[in-house]
Amino acid sequence: MASLNVGNLGDFLREQRRSAQLSLRQLADAAGVSNPYLSQIERGLRKPSAEILQQLAKALRISAETLYVQAGILDERDREETEVRSVILADPTINERQKQVLLQIYESFRKENGHGTASDDTPADADVATPSN
């Protein structure tokens, strides 16, 4: 895992909070963290866990992957792949079988274009139960 880049993360969080027109206290309340703790994160004094980053992302209405990238937890390429998979899996207008087919097609295109990794050996439906049909 990459080391956390808390300085850039704090600046990014502060900018996102201001863009959302939230006070430090409002964001802390919405994310379920203490006001002083959030202040320390924004000033680059604390390293938040992935769980805290997820809570902050939800409160800011941004993707958790965006914060993971800012914190150095996730590589930009990983974030893009994760977001594509998340959007497909979250789409309520298609059924589970269709989601799995889309994921398999997406993975095959990535491999074809030379973006395959060791983790691509894992089936696209490894983390989602597939229907028995």
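Taking an unreviewed UniProt entry as the reference, the protein is identified by name as XRE family transcriptional regulator belonging to Streptomyces botrytidirepellens.

Engineer: Please clarify how helix α7 (residues 96-112) should be interpreted in this entry.
Structural biologist: Because each turn of an α-helix spans 3.6 residues, side chains separated by three or four positions end up pointing in the same direction. With 17 residues, α7 should reach 24 Å at 1.5 Å per residue; the first-to-last C-alpha distance of 24 Å fits that figure. For α7, every residue scored as buried is listed here: K99, Q100, L103, Y106, E107 and R110. The buried residues of α7 occupy an angular sector of 125° when the element is viewed end-on, so they sit on one face. Where α7 starts, the residue carrying a side-chain oxygen 3.0 Å from the main-chain nitrogen of R97 turns out to be N95.

Engineer: Help me out: how do you make sense of helix α2 (residues 24-31) in this one?
Structural biologist: Every buried residue belonging to α2 is among L27, A28 and A31, and all of these are buried. All buried residues of α2 fall inside an arc of 100° around its axis, so they share one side. Structural note: α2 exposes R25, D29 and A30 on the side pointing more than 90 degrees away from its buried face. Following α2 by one or two positions, G32 has its phi on the positive side, about 75°.

Engineer: Got a minute to help me understand the environment of R43 in this structure?
Structural biologist: Of note, R43 is situated in the loop between α3 (35-42) and α4 (50-60). Distance from R43 to D11, taken between C-alpha atoms, is 7.4 Å for residues 32 residues apart in sequence.

Engineer: Would you take a moment to explain the pattern of salt bridges for this structure?
Structural biologist: Oppositely charged side chains may form a pair once their charged atoms are brought near each other. Under the counting rule described, the total for this entry stands at five salt bridges. Residue D11 pairs with R14 through a salt bridge whose shortest N-O separation is 3.4 Å. A residue pair is termed a helical-turn pair when its members lie 3 or 4 positions apart in one helix, as D11 and R14 do in helix α1 (residues 6-19) at three residues. Each member of the salt-bridge network shares a partner with another, and the members are D11, R14, R17 and E42.

Engineer: Even after reading the chapter, I still don't get the packing of α2 against α3, so can you show me in this structure?
Structural biologist: Relative orientation and spacing of two packed helices are given, respectively, by the angle between their axes and the distance between those axes. The contact between α2 and α3 brings their axes to 9 Å, and the two run at 110°. Of the possible angle classes, the one that applies to α2 and α3 is roughly perpendicular. Facing L24, R25, L27 and A28 of α2, the residues of α3 in contact are N35, L38, S39 and E42. Of the residues that constitute the contact of α2 with α3, the class distribution is four nonpolar, two polar and two charged.

The rules behind the values
- Position numbers for residues count from 1 along each chain, tracking the sequence in the order it is written.
- For this predicted model, a pLDDT threshold of at least 70 governs which residues receive local features, and a threshold of 80 or more governs which side-chain atom pairs are given and counted, while totals over whole chains, interfaces and linings are taken from all residues.
- Side-chain numbers come from the whole structure's heavy atoms, not from hydrogens or water.
- What counts as a helix is a DSSP run of H or I of at least four residues, what counts as a strand is a run of E of at least two, and both are numbered from the N terminus.
- In this analysis, the expected span of each helix is defined as 1.5 Å times one less than the number of residues it contains.
- With a 1.4 Å probe rolled over the protein chains alone, any residue whose accessible area is under 20% of its type maximum counts as buried; one over 50% counts as exposed, and the rest are partly exposed.
- Working definition: the arc comes from the directions between the helix axis and the C-beta atoms, pointing outward to the latter.
- We define a polar contact as two N or O atoms separated by no more than 3.5 Å, with the added condition that, inside protein, one atom must be a possible hydrogen donor and the other a possible acceptor, whereas residues neighbouring each other in sequence contribute only through side-chain atom pairs.
- Salt bridges are identified by distance alone: a Lys or Arg side-chain nitrogen within 4 Å of an Asp or Glu carboxyl oxygen.
- To get an axis, a line is fitted to the C-alpha atoms, and for a helix only the part in contact is used. The angle between two axes follows their N-to-C directions and goes from 0 to 180 degrees.
- Roughly parallel means an angle under 35 degrees; roughly antiparallel, over 145; roughly perpendicular, 65 to 115; everything else is oblique.
- Here, two residues are considered to be in contact whenever any of their heavy atoms come within 4.5 Å of each other.
- Gly is put with the polar residues, along with every residue not named as nonpolar or charged; the nonpolar set is Ala, Val, Leu, Ile, Met, Phe, Trp, Tyr, Cys and Pro, and the charged set is Asp, Glu, Lys and Arg.

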